[in-house]
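Residues per chain, in single letters:
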Amino acid sequence: LRLIRILGNPTLPTTPTLPLSHSNTADLDFACTLVGSGVGKGSVITNRGWTWGNGSTATQRWGTNKSTSAATTVSYSSGGTDYSYLALQTDFNRALGSDTAQITFRDSGSGLFQQIDGVWKLSGIATRIESFQENAAEYDGVAPFHASTPVPPDLPDESDTSDFVRLQEYAPLLRVENWANAKLGSPVASLTADPDHDGLSNLLEYALHTDPNVAAVTAMPQVAVEAGFLTLTYTQLMSATDLSYSVEESSNLSGWQPAEVIEELVLASGVTRVVKAKVAIGSATRKFLRLSVTKLP
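Only a predicted model underlies this, so the values are computations on that prediction, with no experimental measurement involved.

Asker: Residues and numbers for the overall build of the chain, please.
Answerer: When helices and strands are counted, the chain shows three helices and 17 strands. Classification of the 297 residues of the chain by burial places 41% in the buried group. Expressed as a percentage of contacts within the chain between residues at least 6 apart in sequence, the contacts between residues at least 24 apart total 65%. In the structure as shown, the chain presents an accessible area of about 16100 Å², 52% of it carried by carbon and sulfur atoms.

Given below as structure tokens:
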């Protein structure tokens, strides 16, 4: 998994930030919320869980859980190639409450969210289930277990596990330092410099997804007038986690303030999207727009 993008609002209390930007242990042994669109509950497996429902039961739903106390390296093979990634895990443990969630079929790619220091974070992307029984969600796969023997109530659960790509591990790949190292040869290269002399600083080259070593002006934000609006059309790098884009307006090119904009999506392609910001002209006789890009901590 090389790129993560949220399409649409996951309907959590606040918009999550991508990815986790806390210490290496903040996302471990910590409460979490799963939001997915997998299949629902089928027939009950007495004292163990239940089978997955059929395709008609798939819908967006949520549940709570808790990440385990350690991240785990998950390895798998596909098409003759071996892959591995660092994973957050949750156990389907009924001791955590009646809303405890387990991912199911069609939940792949869904989100694991955590509220850390008062901020919702997307900290994992669902990948696979480690299950005692195919097409079932079990809070007690039971070890030892014999199919004809009821589960003794005093035995601890032996539960299924959900795996999520741990975004904490891959956060640096979605920041300007990684881009600067690849494009400019150093993670601490100046973001105000303009090595190709095209009028775009390195920060703007990063934000507009252009090459800082090749002069080009076609990526510059474009201004136009249409039906009572002054518009500014520009490119956003959706994969960046450390950028803030805003449109500002002025009547004299000296005093700038945030503009009230109506945003339209012009195009989404790969890691970028083109946005048209529309600002009402109203009774103004002069109005100027500019794009402001800020690097976040």
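Asker: Account for the sheet that holds strand 17 (residues 288-295), naming residues and giving values.
Answerer: Read from one edge to the other, the open sheet built from three strands follows the order 14-13-17, with strand pairing classed as antiparallel. This sheet does not close on itself; its edge strands, each paired only once, are strand 14 (257-258) and strand 17. The pairing of strand 13 (residues 243-250) with strand 14 spans two bridges and is classified as antiparallel. The residue of strand 14 that forms the bridge with Glu 248 is Pro 258.

Asker: Talk me through the nonpolar core; I want residue IDs and the actual numbers.
Answerer: Counting residues in each nonpolar core, the largest one holds 24 residues, and the members touching the most others are Tyr 206, Tyr 234, Leu 243, Tyr 245, Val 247, Leu 291 and Val 293. The set of elements that each furnish at least two residues to this core consists of helix 2 (176-184), helix 3 (202-208), strand 12 (229-237), strand 13, strand 16 (272-280) and strand 17. With near-sequence residues (within four places) excluded, Val 293 lies in contact with Leu 203, Leu 204, Ala 207, Leu 243, Ser 244 and Tyr 245. Listed in part, the ten residues of the second largest apolar core include Val 74, Tyr 85, Trp 120 and Leu 122.

Asker: Residues and numbers for the pairing of strand 16, please.
Answerer: A large share of strand 16 lies buried, amounting to seven of its nine residues. Both strand 12 and strand 16 contribute to a ladder of nine bridges, which runs antiparallel. Residue Thr 233 lies in a different strand from strand 16, and its bridge partner there is Lys 276. Here strand 15 (residues 262-269) folds back onto strand 16, and the loop between the two strands holds two residues, one of which, Gly 270, carries a positive phi near 60°.

Asker: Give a detailed account of unusual backbone geometry, specifying residues and quantitative values.
Answerer: Its identity as a non-glycine residue notwithstanding, Arg 106 has a phi of 85°, on the positive side. Assignment of secondary structure puts Arg 106 in the loop between strand 6 (81-91) and strand 7 (111-116). Residues other than glycine seldom take positive phi values, yet His 209 does so here, at roughly 60°. Taking relative accessible area as the criterion, His 209 reaches 47% and is therefore assigned partly exposed.

Asker: Talk me through the side chain of Asp 160; I want residue IDs and the actual numbers.
Answerer: In this structure, Asp 160 sits in the loop between strand 9 (136-138) and strand 10 (161-166). Despite being buried, Asp 160 has no salt bridge partner; Arg 48 is the closest side chain of opposite charge, sitting 7.4 Å away. Here the side chain of Asp 160 touches Ser 131 through a polar contact of 3.1 Å, side chain to side chain. Once residues within four sequence positions are removed from consideration, Asp 160 is found in contact with Thr 90, Asp 91, Phe 92, Gln 102, Glu 130, Ser 131, Phe 132, Ala 136, Ala 137 and Glu 138.

Asker: Any details on the environment of Val 165? Residues and values, ideally.
Answerer: Topologically, Val 165 is positioned in strand 10. Judged by its relative accessible area of 4%, Val 165 is buried. Separated by 39 residues in the primary sequence, Val 165 and Ala 126 have C-alpha atoms spaced 6.5 Å apart.

Asker: Give me the lowdown on the packing of aromatic side chains, citing residues and values where you can.
Answerer: The final tally for this structure, using the stated rule, is seven aromatic pairs. A ring pair is formed by Tyr 234 and Tyr 245, whose centres lie 6.1 Å apart and whose planes are at 25°; its orientation type is stacked. Highlighted residues: Tyr 234 in strand 12 and Tyr 245 in strand 13, separated in sequence by eleven residues. By relative accessible area, which is 18% here, Tyr 245 ends up buried. Taken together, the ring pairs connect Trp 50, Phe 92 and Tyr 139 into an aromatic cluster. Geometry around Trp 50 places Lys 41 over its ring, the cationic atom sitting 4.3 Å from the centre.

Cut-off values and rules
Residues numbered from 1 in each chain as written. Predicted model: local features only at pLDDT ≥ 70, side-chain atom pairs only at ≥ 80, totals over all residues. Heavy atoms only, no water. Helix = DSSP H or I, 4+ residues; strand = E, 2+ residues; numbered from the N terminus. Buried < 20%, exposed > 50% of the residue type's maximum accessible area, 1.4 Å probe, protein only. Contact = heavy atoms within 4.5 Å. Areas by Shrake-Rupley, 256 points an atom, 1.4 Å probe, with all protein chains shown as cover. Pairing = 2+ DSSP bridges. Core = buried A, V, L, I, M, F, W, Y, C linked by side-chain atoms within 4.5 Å. Lys, Arg positive; Asp, Glu negative; His and termini not counted. Salt bridge = Lys/Arg side-chain N within 4 Å of Asp/Glu carboxyl O. Polar contact = N/O pair within 3.5 Å; in protein donor to acceptor, adjacent residues only side chain to side chain. Phe/Tyr/Trp six-rings, centres within 6.5 Å; stacked < 30°, edge-to-face > 60°. Lys NZ or Arg CZ within 6 Å of the ring centre and 35° of its normal.

That is the geometry; function is a separate question.
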